[in-house]
Amino acid sequence: MTGPGPERGDERAPLRVGVVGYGLAGRVFHASLLAVDPAYDLVAVVTRDPAKADAARAAHPGVEVVDAVDGLWPLALDLVVVATPNDTHVEVAAEALRRGAAVVVDKPLATSAEEARALVELAESLGRPLTVYQNRRWDGDFLTASRLVRDGALGEVHTLESRFEPWKTANRAGWKASATAEQGGGILLDLGPHLVDQALRLFGPAEEVHAEIAVRRPGAVADDDVVVSLRHAGGIRSRLWMSHVAAQPGPRFRVLGSQGAYVVHGLDPQEAQLAAGVSPADPGYGLSDPARPGLLGIGADARPEPTDRGDYPAFYAQLAVALRGEGPLPVDPRDAVAALEVVERARRSAEPRQG
């Protein structure tokens, strides 16, 4: 197998990519972005599901569909994207690294911080690029909140409230329906890496971690209702909610400071747009509803704050630059290790009262 771009002779040739898994992650978050970025050539998709194989061929004419990861290795790939069930991420990623490819792993990097750390060390020992798809760094609302904090628009920030609360009273289909927390299931490991990563990006390492973790839906085998509280250096507090049983979700972000607050509701539109087939090249891609801006300020004097355009394509654009040796990876994999360490501390803190 040939390594990343510069070793292939013409470093401006498209990077040859294989995507392992063609569920929501592989289809929506990866293949759809790779297909429209001229820096990449989507060569292969791995799936054993005949319907998903047909969908991959229809969406990406000319793509080779194989039913096992071993089918990738003769294809001279530069990059392998791992979008498989959580408990297989490390195994697939490690094999791809050993075969000479750069690797993107959909979050979470692993089901434990220990395994994630070992995978990072393997990549470093082999001299192969490894990164993690923390796409929520490029949500429009997070970009807006980051800008306001960075520019001092809120004064001295003391509290972040951040929520993902999709109403899902039924257990999810596929592997998530039966996976326990130990097997990589549950909302804490599903959405927690996003919320924790955003909080750490804004305010740095967590000095204290506390959590409340519950299993509320009948028949559920893993957590589906969680709140995590972090205390960062300087006393800034992040409170992170993730739930499938919140019939009335709270604000997506509520950032409180000494001179005002930023509050925004709803979800970044990019996932829904990609799932509906909207191209990232569409002029409306990444734009939130202008009729539902955030609010910035104090009480009744708060004014509308337009949401920045979301930009998931930036992940793969920066990755192409990195694989050609011209810039850093879009996400340092050690950031993903740090987020998993916080997730594990949260779970430990809740053990006496979990349930």
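On a predicted model such as this, the values are computed, not experimentally measured, just so you know. (Residues numbered from 1 in each chain as written. Predicted model: local features only at pLDDT ≥ 70, side-chain atom pairs only at ≥ 80, totals over all residues. Heavy atoms only, no water.)

**Student:** Explain the pattern of salt bridges residue by residue, including any values.
**Tutor:** Two side chains with opposite charge may pair up if their charged atoms get near one another. Counted by the stated rule, this structure contains 18 salt bridges. Between Arg334 and Glu124 there is a salt bridge, and its shortest N-O distance comes to 3.0 Å. Of this pair, Arg334 sits in helix α10 (residues 333-350) while Glu124 sits in helix α4 (residues 113-126); the two residues are 210 residues apart in sequence, bridging distant segments of the chain. Among the residues examined, Arg334 registers a relative accessible area of 36% and is labelled partly exposed. A salt bridge links Asp308 to Arg147; the nearest nitrogen and oxygen atoms lie 3.0 Å apart. Placement of Asp308 in the loop between β14 (303-305) and α9 (313-323) and of Arg147 in helix α5 (residues 140-151) is noted, with a sequence separation of 161 residues between them. (Salt bridge = Lys/Arg side-chain N within 4 Å of Asp/Glu carboxyl O. Helix = DSSP H or I, 4+ residues; strand = E, 2+ residues; numbered from the N terminus. Buried < 20%, exposed > 50% of the residue type's maximum accessible area, 1.4 Å probe, protein only.)

**Student:** Lay out the packing of aromatic side chains in plain terms, naming residues and giving numbers.
**Tutor:** Enumeration over the complete set of coordinates arrives at eight aromatic pairs. Taking 5.0 Å as the distance between ring centres and 85 degrees as the angle between the ring planes, the aromatic pair formed by Tyr133 and Phe315 counts as edge-to-face. Of this pair, Tyr133 sits in strand β6 (residues 130-133) while Phe315 sits in helix α9; the two residues are 182 residues apart in sequence, bridging distant segments of the chain. The structure contains a cluster of three or more aromatic residues connected by ring pairs, namely Phe29, Tyr40, Tyr133, Trp138, Tyr312, Phe315 and Tyr316. (Phe/Tyr/Trp six-rings, centres within 6.5 Å; stacked < 30°, edge-to-face > 60°.)

**Student:** Residues and numbers for the sheet that holds strand β3 (residues 64-66), please.
**Tutor:** Spatially, six strands are ordered β3-β2-β1-β4-β5-β6 in an open sheet, and the strand pairing comes out parallel. Because the sheet does not close on itself, it has two edges, and the strands there are β3 and β6. On average, adjacent strands in this sheet sit at an angle of 25 degrees to one another, irrespective of strand direction. Two strands pair when backbone bridges link them, and strand β1 (residues 15-20) and strand β2 (residues 40-46) are joined in this way by six bridges, in the parallel orientation. Across the sheet, residue Val17 finds its bridge partner in β2, namely Leu42. Its contacts with the sheet place helix α3 (residues 89-98) against β1, β4 (79-82) and β5 (102-106), and it is angled at close to 170 degrees to β5. (Pairing = 2+ DSSP bridges. Axes fitted to C-alpha atoms, helices over the stretch in contact; angles between N-to-C directions. Contact = heavy atoms within 4.5 Å.)

**Student:** With reference to specific residues and values, describe the sheet that holds strand β11 (residues 253-257).
**Tutor:** Across the sheet, eight strands lie side by side as β8-β9-β10-β7-β11-β12-β13-β14; this open sheet has mixed pairing. Two strands close off the open sheet at either side, each with one partner strand: β8 (206-214) and β14. On average, adjacent strands in this sheet sit at an angle of 15 degrees to one another, irrespective of strand direction. As judged from the six bridges shared by strand β7 (residues 157-164) and strand β10 (residues 237-243), these two strands associate in the parallel manner. The partner of Ser162 across the bridge, within β10, is Leu240. Lying over the sheet, α5 contacts β7, β11, β12 (260-264), β13 (294-297) and β14, oriented at roughly 175 degrees with respect to β12.

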